[in-house]
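Given next are the chains, with one letter for each unit.
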Amino acid sequence: QVQLVESGGGLVRPGESLTLSCVASGFTLEDYDIGWFRQAPGGEETVACSSTSDSVPSYLDSVKGRFTIIRDNARKTISLQMDSLKPEDTARYYCARGRCGEIYTEWGQGTQVTVSS
């Protein structure tokens, strides 16, 4: 059974850091692209994606230089390191399996990130 489980969210102050983890099971991680997404009342955004065909990850413009996606196929984990967090980063963050920029068919439950002073 395919499963993606996110963890690491919480309440932080502006300028602080968090690292989110997405642990995969039920499939071979190295065979799939994995993306990080966020949902807020205003909508949904693709934050970052790690592709099996391109070693350079893609990022949402507003998080470039602050967020880093890290793939560890051996440990079946995709992490999202978030630095210099801003209030506008507040959202529920999800990881998903699929193809970067195309389709994502399996999703985790999400983890909440709240940035507030």
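Residues numbered from 1 in each chain as written. Predicted model: local features only at pLDDT ≥ 70, side-chain atom pairs only at ≥ 80, totals over all residues. Heavy atoms only, no water.

Peer 1: Sorry if this is basic, but what is going on with the overall build of the chain here?
Peer 2: Scanning the chain from terminus to terminus reveals 0 helices and 11 strands. By the compact-globule yardstick of 13 Å for 117 residues, the chain fits well, its C-alpha radius of gyration being 13 Å. Along the three orthogonal principal directions, the C-alpha set of the chain runs to about 40 × 25 × 25 Å. Across the 117 residues of the chain, 38% fall into the buried class. In the chain, the share of contacts with a sequence separation of at least 24, taken over all contacts with a separation of at least 6, comes to 56%. Taking the 11 positively charged and 15 negatively charged side chains of the chain as two groups, their mean positions are separated by 3 Å. (Helix = DSSP H or I, 4+ residues; strand = E, 2+ residues; numbered from the N terminus. Rg over C-alpha atoms; globule rule 2.2 N^0.38 Å. Buried < 20%, exposed > 50% of the residue type's maximum accessible area, 1.4 Å probe, protein only. Contact = heavy atoms within 4.5 Å. Lys, Arg positive; Asp, Glu negative; His and termini not counted. Charge placed at Lys NZ, Arg CZ, Asp CG, Glu CD.)

Peer 1: Can you help me understand unusual backbone geometry in this one?
Peer 2: Comment: phi is negative for the bulk of residues other than glycine, and the bulk of peptide bonds are trans. Positive phi values are uncommon outside glycine, yet Lys 76 reaches one of about 55°. Relative to the helices and strands, Lys 76 resides in the loop between β7 (67–72) and β8 (77–82). The backbone phi angle of Ser 84 is positive, close to 50°, even though this residue is not glycine. Its place among the elements puts Ser 84 in the loop between β8 and β9 (91–99).

Peer 1: How should the nonpolar core be read in this particular structure?
Peer 2: In terms of nonpolar packing, the biggest core is built from 24 residues, with Trp 36, Val 47, Phe 67, Leu 80, Met 82 and Tyr 93 touching the most fellow members. Elements supplying a minimum of two residues to this core: β3 (18–25), β4 (33–40), β5 (43–50), β7, β8, β9 and β11 (111–115). The greatest single-element share of this core, amounting to 4 residues, is contributed by β3. In this view, Tyr 93 contacts Glu 6, Leu 20, Trp 36, Phe 37, Arg 38, Val 47, Phe 67, Leu 80, Met 82, Gly 110, Thr 111 and Val 113; residues no more than four positions away in its chain are not counted. (Core = buried A, V, L, I, M, F, W, Y, C linked by side-chain atoms within 4.5 Å.)

By themselves, these are just geometric observations and shouldn't be taken as functional.
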